[in-house]
Structure formats: structure tokens, C-alpha cells
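The chain contents come next:
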Amino acid sequence: MSDVLFEKRPDGVALITLNRPERLNSLGGDLVRLFAEALGECEHDAAVRCVAVTGAGRAFCAGGDVGGMKKRNEGFTEKAGDPADILAGLEYHTVDLKQRQNMLALKLHTMAKPVVALVNGHAVGAGMSIALACDLRIAGTAAKFGTAFRNVGLSGDFGGSYFLPRLVGRSKARELYFTAEILDASTALELGLVTRVVEQEKLLEEGLDYCAKIASGPTASIGRMKANLNFAENHNLQEALDHEAQNQRLAGLSEDSREAVLAFMEKRKPVFKGR
């Protein structure tokens, strides 16, 4: 069985399911590679207009593979007497992590298509970071969120330190990192971590319906909205205005924008094609 299931639906939604339920969909095996390949295919397929990410079984993603951590730590222990070997090993594993982060967190955040996390269970550690890298999050009532890194003596990865303060504020983000408090779905909603909470047994159905509504919109322009919002997070107002102006004029040339103007004049609902 593949570590990632990938389905392109006729309504323009691509469903990516992390599929290591026996490992709580932790980031081991072939999961990262297959997840990244699915995202790449979504990015370049015009028929995909919204991406949904969920997990199989009782977890969304439990973060790093602890078994893999143990193996890596044993490798460093074996090299403890040779500083050159330790430095070489550290550089190798750092470069590898940077690549994995870029393949997932960076791609989810920057790809010009809306991405919705359907959080079906535990999203902890890097799994929480990955959920936060998505544009929107819909949680089932069984969803749980936690940074978890302190529990294994780590500092955090996959962009959580970037995304979390922007959602809950600096002080709360620090508390959640320092204490590794586990949040239930209702608390996550109160804090603004998730967009909505739905009954657990209806998560996939209602979540995919939500994604289908997004996919039926002017998704090329939504991609430009996403680019504007990302750009504005790290630039001043004048730079954001200039960026908006360029994207606004480019969006105005799109087939969807022309269709919307015509539909308004004809007093009918526009039919968007994502172009």
C-alpha cells in the first residue's frame, strides 16, 4: 500500500491522503517524497483547482518518525570521537531537512492554488506545521493540535515558527511551543487555528464539498490573492500596493474576469474555468 493516496476528482479537487495509519502518518517511509510528487502534479495540472490534504486512520500527521530519529542519533553516537565526521553528518542531515521542508511546507504555502487541510485527528509536531502551511484548515471533532517538539527535545521544523505566531500571536505561539499543550478542535477554533469544526463522521464529505466550492471559483485569481497575502506579510504597505496593482491588472486580463463582467451585465451567475 502506498504511503500517500492521490485522487483527482471531477469537480476540480485533488485529494491527497497521508497513508501510514499504523505510524499515525508520520513523515517516514516514502511519505515525504510521494506527498511532494502529488503536490507537484497538482501545481502543474490546470484541471486541479483546489487541493485537499487529509490523513488515513486516526491521525492527520504525527510529525517526525521517532524510529528514524533514533537511527540518526545512533549514527551520531558512533561518530562521537571524530569531530569531522560529526560536522559532516550534521551538514548532511541539515541539508536533507531543508530540502524536505521546501518540498512540503514551502510548496503548500506558495503554490498558486488554494490548499485546505482536512484535519481528521492528531496534527502534532511537523504534522501541525504542515497543517498550518495550508491556506485553510477544517477540523473534525476528533482533531488535536500540538507543537510536541519539546517532548522529544527538539526546537521545531516545517515552518511552525513562521505560521503559528501569525495565527495566534507571538505570546500564545511561544506558550504552545514551550509547553507542548495539546489543543482540541474547539480550542483550535477559538484561537483561529482552524476555519471551522465539523462532526467527525462528516469531515471528508463536508470538507470536500467546501473544497469543491472553492474550485468552482476563479481559481487563477485566487492564486493571485494568495500571492498578494503572502507578499504583504513581509513587505511594507507601498510594496504591497505595488504588488496588488500588478496582480489586479493581470487578473483583469483573465478569462474568468471577462466572464464575470459579462455575466454581471447579463444578470446571470458566472461560470468560472480557473483561467
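The structure contained in this document is the topic of the report that follows. (Residues numbered from 1 in each chain as written. Predicted model: local features only at pLDDT ≥ 70, side-chain atom pairs only at ≥ 80, totals over all residues. Heavy atoms only, no water.)

Some points on the overall build of the protein chain
Which entries qualify depends on this criterion: Helix numbering and strand numbering both begin at the N terminus, where a helix is a DSSP run of H or I of at least 4 residues and a strand a DSSP run of E of at least 2. For a compact globule the rule gives 2.2 Å times the number of residues to the power 0.38, and the radius of gyration it is set against comes from C-alpha atoms. The cut-offs for exposure are 20% and 50% of the maximum accessible area for each residue type, with area from a 1.4 Å probe on protein chains only; residues under the lower value are buried, those over the upper are exposed, and the others partly exposed. Whether two residues touch is decided by their heavy atoms; if any such pair falls within 4.5 Å, the residues are in contact. Throughout, the Shrake-Rupley method with a 1.4 Å probe supplies accessible areas, and for residues the shown protein chains are the sole cover considered. For the purpose of charge, His is not counted, nor are the chain termini; Lys and Arg are scored as positive and Asp and Glu as negative. A charge is said to be at NZ when it belongs to Lys, at CZ for Arg, at CG for Asp and at CD for Glu.
Scanning the protein chain for helices and strands turns up eleven helices and ten strands. Relative to the compact-globule value of 19 Å for 275 residues, the protein chain shows a C-alpha radius of gyration of 20 Å, a close match. Taken over the C-alpha atoms alone, the protein chain extends approximately 75 × 45 × 35 Å along its principal axes. Here the protein chain holds 275 residues, and the buried ones make up 41% of them. In the protein chain, 67% of the contacts between residues at least 6 apart in sequence involve partners at least 24 apart. Here the protein chain has roughly 14,700 Å² of accessible surface; of this, 55% comes from carbon and sulfur atoms. Both charge centroids of the protein chain, one from 34 positive and one from 35 negative side chains, sit 3 Å from each other.

A closer look at the sheet that holds strand 10 (residues 196–198)
Going by this rule: Any two strands with at least two DSSP bridges between them are considered paired. Think of each axis as a best-fit line through the C-alpha atoms, taken over the contacting stretch in the case of a helix, with angles from 0 to 180 degrees between the N-to-C directions.
If you walk across this open sheet you meet the six strands as 1-2-3-5-7-10, and the pairing is mixed. At either end of the open sheet lies a strand with only one pairing partner, and these are strand 1 (4–8) and strand 10. Taking each pair of neighbouring strands and ignoring which way they run, the sheet shows an average axis angle of 20°. Pairing of strand 1 with strand 2 (residues 13–18), which is carried by five bridges, proceeds in the antiparallel orientation. Within strand 2, the residue paired with Glu7 across the bridge is Leu15.

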